[in-house]
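Architecture and fold: a report
Listed below are the residues making up each chain.
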Amino acid sequence: MGNHQSLISFAQLKHTLIILMADNAKIILEGNEYELPVFTGSEGEKAIDISDLRAKTGYITLDIGYKNTGATTSGITFLDGEEGILRHRGYSIEDLAAKASFLEVAYLLLNGELPTRQQFDDFDNAIREHTLVNEGLEGMFKAFPTGSHPMGQLNSMISALGLFYPKSLNPNRPEDAINRTVLRLLAKMPTICAMIYKKRSGHPIIYPKNNLDYVSNYLNMTFAQVTMDHYQPDPVIVDAMNKLLILHADHEQNCSASTVRMVGSSQSNLYSSIAAGIAALWGPLHGGANQEVLEMLELIRQDGGDVQKWVNKAKDKNDNFRLMGFGHRVYKNFDPRAKIIKKTCDDVLNKLGVHDPVLEIAKKLEETALTDPYFVERKLYPNVDFYSGIIYRAIGFPTDFFTVLFALGRLPGWISQWQEMRREKQPIARPRQIYTGEVPRNFKFMQDR
Ligand code: ACO
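This text gives an overview of the structure that appears in the document. The structure presented is a predicted model; accordingly, all values stated were derived computationally and were not measured.

Before going further, it helps to spend a moment on helix α9 (residues 235-247). Taking 1.5 Å per residue as the helical rise, α9 with its 13 residues ought to reach 18 Å, and the 18 Å between its terminal C-alpha atoms agrees with that figure. For α9, the tally of buried residues reaches ten of 13 residues, placing the bulk of the element in the interior. Taken as a whole, α9 has its buried residues at Val236, Ile237, Val238, Ala240, Met241, Asn242, Leu244, Leu245, Ile246 and Leu247. Two or three places before Val236, at the opening of α9, Asp234 has a side-chain oxygen 2.9 Å from that residue's backbone nitrogen.

Attention now moves to the sheet that holds strand β7 (residues 77-80). Spatially, β7-β8-β9 is the arrangement adopted by the three strands of the open sheet, whose pairing is antiparallel. Pairing within the sheet leaves two strands with one partner each, and these edge strands are β7 and β9 (91-92).

Attention now moves to the site of the ligand. Taken together, 22 residues form the shell around the ligand, and within it His286, Arg322, Leu323, Gly325 and Arg329 come nearest. A distance of 2.7 Å separates a nitrogen atom of the ligand from a polar backbone atom of Leu323. Between the ligand and Arg329, the relevant distance is 2.7 Å, taken from an oxygen atom to a side-chain nitrogen or oxygen of the residue. Residue composition of the shell around the ligand, grouped by class: eleven nonpolar, five polar and six charged.

So, about the environment of Lys342. Considering the arrangement of structural elements, one finds Lys342 in helix α14 (residues 336-352). Given a relative accessible area of 30%, Lys342 falls into the partly exposed group. In this structure, the C-alpha to C-alpha distance between Lys342 and Ala194, residues 148 residues apart in sequence, is 26 Å.

Attention shifts here to the pattern of salt bridges. Applying the stated criterion across every chain yields a total of 21 salt bridges. The salt bridge partner of Asp121 is Arg117, with a shortest N-O separation of 2.9 Å. Linking Asp121 with Arg117, this pair stays in helix α4 (residues 117-129), spanning four residues, or about one helical turn. The exposure class of Asp121 is partly exposed, given its relative accessible area of 26%. Taking relative accessible area as the criterion, Arg117 reaches 61% and is therefore assigned exposed. Residues joined in a network through salt bridges with shared partners are Glu298, Arg301, Asp356 and Arg393.

Leu154, Ile158, Ile274, Ile390 and Phe397 are the most contacted members of the largest nonpolar core, which totals 119 residues. Element by element, the count of residues in this core is highest for helix α7 (residues 175-201), at 13 residues. Excluding residues within four positions of it along the chain, Leu154 makes contact with Met189, Ile192, Cys193, Ile196, Ile278, Val404 and Ala407. Listed in part, the six residues of the second largest apolar core include Ile27, Leu29, Tyr34 and Tyr59.

With that out of the way, let us pick up the pairing of strand β3 (residues 24-29). Two strands pair when backbone bridges link them, and β3 and strand β4 (residues 32-40) are joined in this way by six bridges, in the antiparallel orientation. The partner of Ile28 across the bridge, within β4, is Glu33. In this antiparallel pair of consecutive strands, β3 and β4, the connection spans two residues, and Glu30 shows a positive phi of 50°.

Its identity as a non-glycine residue notwithstanding, Tyr66 has a phi of 50°, on the positive side. Tracing the backbone shows Tyr66 in the loop between β6 (59-62) and β7. The phi angle at Lys425 is positive, at roughly 50°, despite the residue not being glycine. Among the residues examined, Lys425 registers a relative accessible area of 72% and is labelled exposed.

What follows covers a nonpolar patch on the surface. Taken together, the side chains of Leu163, Phe164 and Leu169 make up a nonpolar region of the molecular surface, amounting to roughly 270 Å² of accessible area. Within the fold, Leu169 resides in the loop between α6 (150-163) and α7. Residue classification places Leu169 among the partly exposed residues on the basis of a relative accessible area of 38%.

Together, Lys67, Lys317, Arg322, Arg329 and Arg378 give the surface a local cluster of positive charge. For Lys317, the location among the structural elements is in the loop between α13 (307-315) and α14.

So, on to the side chain of His130. On the secondary structure map, His130 appears in the loop between α4 and α5 (140-143). Residue His130 is classed as buried on the basis of its relative accessible area of 16%. Residues in contact with His130, not counting those within four places in the same chain, are Arg180, Leu183, Arg184, Ala187 and Lys188.

Along its 14 residues, α6 runs 20 Å from first to last C-alpha, staying within 8% of the 20 Å computed at 1.5 Å per residue. Of all 14 residues in α6, ten are buried, a share of seventy percent or more. Three or more residues of α6 are buried, namely Pro150, Met151, Gly152, Gln153, Leu154, Met157, Ile158, Ala160, Leu161 and Gly162. The inward-facing, buried residues of α6 contact α5, α7, α11 (270-282) and α18 (402-423).

Inspection of every chain in the model, using the stated rule, returns 18 aromatic pairs. Where Tyr197 meets Phe223, the ring centres are 5.6 Å apart and the plane angle is 75°; that geometry is what we call edge-to-face. Placement of the pair is Tyr197 in helix α7 and Phe223 in helix α8 (residues 214-223), with a sequence separation of 26 residues. Accessibility expressed as a relative area gives 16% for Tyr197, which makes it buried. Judged by its relative accessible area of 17%, Phe223 falls in the buried class. Residues Tyr392 and Phe402 carry aromatic rings whose centres are separated by 5.4 Å and whose planes lie at 45° to one another, so their mutual orientation is tilted. Of the two residues, Tyr392 sits in helix α17 (residues 385-395) while Phe402 sits in helix α18, which places them ten residues apart along the sequence. For the pair Tyr392 and Phe402, a shared accessibility class is recorded, and that class is buried.

About the criteria used
For every chain, the first residue of the written sequence is number 1, and numbering continues from 1 onward in sequence order. Local features in this predicted model are restricted to residues of pLDDT 70 or higher, and side-chain atom pairs are both shown and tallied only at a pLDDT of 80 or more, whereas totals for entire chains, interfaces and linings draw on every residue. The side-chain numbers reported here are obtained from all heavy atoms of the structure, hydrogens and water having been left aside. Secondary structure counts use DSSP, requiring at least four H or I residues in a row for a helix and at least two E residues in a row for a strand, with both numbered from the N terminus. A helix is expected to reach a length of 1.5 Å times the quantity of its residues less one. Only protein chains enter the area calculation, which uses a 1.4 Å probe; residues under 20% of their type maximum are buried, those over 50% are exposed, and those in between are partly exposed. Each polar contact in these results corresponds to two N or O atoms within 3.5 Å; when the atoms are within protein, one needs to be able to donate a hydrogen and the other to accept it, and residues that are neighboring in sequence are counted only if both atoms are side-chain atoms. Criterion used throughout: strands pair if DSSP finds at least two bridges between them. Being near a molecule or strand, for a residue, comes down to having at least one heavy atom within 4 Å of it. Under this grouping Gly is polar, as are all residues other than the nonpolar Ala, Val, Leu, Ile, Met, Phe, Trp, Tyr, Cys and Pro and the charged Asp, Glu, Lys and Arg. Think of a salt bridge as a Lys or Arg side-chain nitrogen and an Asp or Glu carboxyl oxygen that are within 4 Å of each other. By convention a nonpolar core is built from buried Ala, Val, Leu, Ile, Met, Phe, Trp, Tyr and Cys residues, the set being connected through side-chain atoms within 4.5 Å. The contact criterion used throughout is that any non-hydrogen atoms of two residues lie within 4.5 Å. What makes a patch is a set of residues exposed beyond 30% relative accessible area and free of salt bridges, joined within 9 Å when like-charged and within 5 Å when nonpolar (Val, Leu, Ile, Met, Phe, Trp, Tyr). For the area figures, the Shrake-Rupley method with a 1.4 Å probe applies, and any residue is considered shielded solely by the protein chains shown. This count recognises Lys and Arg as positive and Asp and Glu as negative, with His and chain-terminal groups excluded. To locate a charge, the coordinates of NZ of Lys, CZ of Arg, CG of Asp or CD of Glu are taken. Here a Phe, Tyr or Trp ring, Trp counted by its six-membered ring, pairs with any other such ring whose centre lies within 6.5 Å, and the pair is stacked when the planes are under 30 degrees apart, edge-to-face when over 60, and tilted otherwise.

Structural data, given as structure tokens:
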């Protein structure tokens, strides 16, 4: 290997042998044997701790896209992609979606336990106290070009929000000061999301009504008009929104949560870390998929609804088209959130009396793909984004607003991940690389090139 850095790609073990034993792993590299500790999680998940590997052997590990890399230990969310299990702080997503409110789940994620009645009331009241945003923030909207994407606006607004609280730019303040920032973010995010919605429609913003619960307040700020005497969100919609927010609340070390942790690891403040998470979520391979799914379903409908044609396109390696809302990095059996959302979608559309032709197309697409060997062999199933957009559309949200709703739900998860990273005083995240560029060469003056 000479002076070059060495690597182990766990996907392609060649001259390397790893033996996993009870408490440690033995690794044989170039004939030498090394011992590495094995870490076992509370659900029996096992990891080889390679933090000393380079110091001991000169090797690093190579895992592009972090497909098999544990970037942290975490006590927030457990996910078993093979079995389709998702639990927050030990509680199943099925139970939480059926029995809890979004704010209860937010409390659980942040504090590790479900709140007592008193704890919940204190938390809820504290959030209600902070729902207003500084009027100065409204000026930001003047700068956005007409029709600019809501996720770009949300990203900028959350970043700007932090500037109104200069003390909060220091993440090393006492715990109660950090908690105030957490409450502010949870309280102001719905107000900002609703402001974006109103400003894009050219309508006056609606101020928060703090006698309303979190979800109803958000719906009121979004769908009420200043010209209305009274607006009462439909309980079916409140219930559906509550469920959708819970289903998006956290998902362990996904792209946006890892981004929040990575940005936060440089001791960047919570607002900018969350803004970075929003940027990561926006991408169509992550949260942006919910917008893409609905656009895809519409396209298929307008094209005559030939589902098989689009499944064939998704299978064609010379065609860039993918079935949006299908496949997941970790779920290789089914996405438990998608199961709940599919049922919620049927319930909500029935109760609201909405007939959306794209729901039929979505169901046909799912049926066709799930019996197609291409999707079966690759373990590609509908993910959380496949049916959520149909519900959002039935509620009245425009397609390019869907990812904002994902961000609203994911906020407590991002904050919990940031808090865990900060409380554990984790080091700055700084991956290594294997350099594959030019070896040293001599500079030539321009006239000699
Ligand atoms: N349509 C068609 N083929 C697919 C799809 C899809 N939606 N997803 C994966 N594949 C194929 C790939 O082409 C690849 O095939 P190959 O082995 O023949 O090369 C194989 O399945 C594995 O796919 P990868 O892209 O390597 O899997 P990865 O784990 O990197 O990506 C991802 C996961 C990004 C979610 C992918 O499945 C995808 O692009 N899905 C569509 C976008 C989407 O719905 N994203 C939302 C995910 S959920 C969330 O973030 C909230």
